[in-house]
Amino acid sequence: MIEILQWSTLAICVVVAAARIPNALRGENRSLFYLFALMALAILLSIEAPYVAIDRVLGGVNAANLILRFVIFAAIFFVGIRVTKGFGAPDGYRLITGPIGMAALGLVSVTVVAVFLMMDTAGSSAGLGAVAAKSGRNAVLAEYYGAAGRAYPAYVALVLLPTMCRACRSTLPPLVRLAALLLAIGSVAVGLTLLFPLIPPELGYAQFVINYTAVLCFVVGLALIWVARVRYGGKVARRQTSTEK
């Protein structure tokens, strides 16, 4: 079941990214293509078989997991920029790109790298399951590493949530409000990742469901905004502006 969810999510990300290629080649909104490509790469590095294959090429020390963390950071950062700018949320934009947001990204990044270097990371294992099982100290460090990796995406998601809730209640076109709803659900799902340490081992599958719900909601939500802009054209931008007054 989990593998079906993983590969299905990857397929959706790849299809959406591929659909943006013609526009990207024409120089139209290339950032959206890069964003979908980052999400596809993140999902690829979350699946056991491709993860192990890639990590072994990198030396078999789970460097792929560290790369995955920064791919996720980049993806959520650009999601935050696109959403706050697209929905006219200057306060949210400043919280992501301003001093507070940059400090949060920098602190989390340094912490992730530092804890990674403190662990015994030998032996490729998606999710660092085998690494966490090596010893008591390694298990604790793996928990800290995971918590640090979840902190920044949760920060951005919680910044986006109020904007998405306002958009859902606005007079924007139905397609855009549906996109906002999906982005809001995705933001809540990312926020819930902070509670992963409280989930008992027998319910570990819930972590996969939450993670992939977040990815799917963000990908489909952003894709719907793109479709809405194609369908409604300038009307979307004008009605977004009207909701700010």
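Refer to the preceding data block for the structure.
Now for a description of the structure that goes with this document. This is a predicted model, so every value here is computed, not measured.

## A look at the packing of aromatic side chains
Then step 1. Inspection of every chain in the model, using the stated rule, returns six aromatic pairs.
Then step 2. Measuring from ring centre to ring centre gives 5.5 Å for F70 and F73, while their planes differ by 75°; the resulting arrangement is edge-to-face. Placement of both F70 and F73 in helix α5 (residues 63-86) is noted, with a separation of three residues, approximately one turn of the helix.
Then step 3. Judged by its relative accessible area of 30%, F70 is partly exposed.
Then step 4. With a relative accessible area of 3%, F73 lands in the buried category.
Then step 5. Positioned above the aromatic ring of W226 is the side chain of R20, whose terminal nitrogen or guanidinium carbon lies 4.5 Å from the ring centre.

## Structural notes on unusual backbone geometry
Then step 1. For N62, which is not glycine, the phi torsion reads 65° and is therefore positive.
Then step 2. Checked against the element boundaries, N62 lands in the loop between α4 (48-57) and α5.
Then step 3. Since its relative accessible area comes to 0%, N62 is described here as buried.
Then step 4. You will see that L128, though not glycine, has its phi angle at about 60°, which is positive.
Then step 5. Counting through the fold element by element, L128 comes out in the loop between α7 (99-118) and α8 (129-132).

## A word on the side chain of R20
Then step 1. By the secondary structure assignment, R20 is in the loop between α1 (2-19) and α2 (21-25).
Then step 2. Of the side chains with opposite charge, E28 lies nearest to the buried R20, which makes no salt bridge, at 6.0 Å.

## Focus: the layout of surface pockets
Then step 1. Its volume calculated, the largest pocket comes out at about 1300 Å³.
Then step 2. What lines the largest pocket is a set of 43 residues, among which R69, R150, F196, Q207 and N211 lie closest to the centre.
Then step 3. Elements represented by at least two residues in the lining of the largest pocket include exactly α3 (30-44), α5, α8, α9 (136-168) and α11 (205-232).
Then step 4. Its residues placed into classes, the lining of the largest pocket shows 28 nonpolar, eleven polar and four charged.
Then step 5. One number sums up the size of the second largest pocket: a volume of about 190 Å³.
Then step 6. Considering the residues around the second largest pocket, the lining is formed by 13 residues, among which N29, R82, G86, I225 and R229 are closest to the centre.

## Observations concerning the packing of α7 against α9
Then step 1. Where α7 contacts α9, the two axes come as close as 9 Å, and the packing angle between them is 160°. Taken as axis vectors, α7 and α9 run roughly antiparallel relative to one another. The hand of the α7/α9 crossing is left-handed. Here α7 contributes I100, G101, A104, L105, V108, T111, V112, V115, F116 and M118 to the contact with α9, which in turn contributes R137, L141, Y144, Y145, A148, G149, A151, Y152 and Y155.
Then step 2. Looking at the contact of α7 with α9 residue by residue, the classes come out as 15 nonpolar, three polar and one charged.

Rules used throughout
Residues numbered from 1 in each chain as written. Predicted model: local features only at pLDDT ≥ 70, side-chain atom pairs only at ≥ 80, totals over all residues. Heavy atoms only, no water. Phe/Tyr/Trp six-rings, centres within 6.5 Å; stacked < 30°, edge-to-face > 60°. Helix = DSSP H or I, 4+ residues; strand = E, 2+ residues; numbered from the N terminus. Buried < 20%, exposed > 50% of the residue type's maximum accessible area, 1.4 Å probe, protein only. Lys NZ or Arg CZ within 6 Å of the ring centre and 35° of its normal. Lys, Arg positive; Asp, Glu negative; His and termini not counted. Salt bridge = Lys/Arg side-chain N within 4 Å of Asp/Glu carboxyl O. 1 Å grid on protein atoms, 1.4 Å probe; cavity = no way out; pocket = protein on both sides within 12 Å on 5 of 7 lines; lining within 4 Å. Points joined across faces, edges and corners; volume = space filled by probe spheres on them. Nonpolar A, V, L, I, M, F, W, Y, C, P; charged D, E, K, R; others polar. Axes fitted to C-alpha atoms, helices over the stretch in contact; angles between N-to-C directions. Parallel < 35°, antiparallel > 145°, perpendicular 65-115°, else oblique. Left-handed = near helix turned anticlockwise from the far one by under 90°. Contact = heavy atoms within 4.5 Å.

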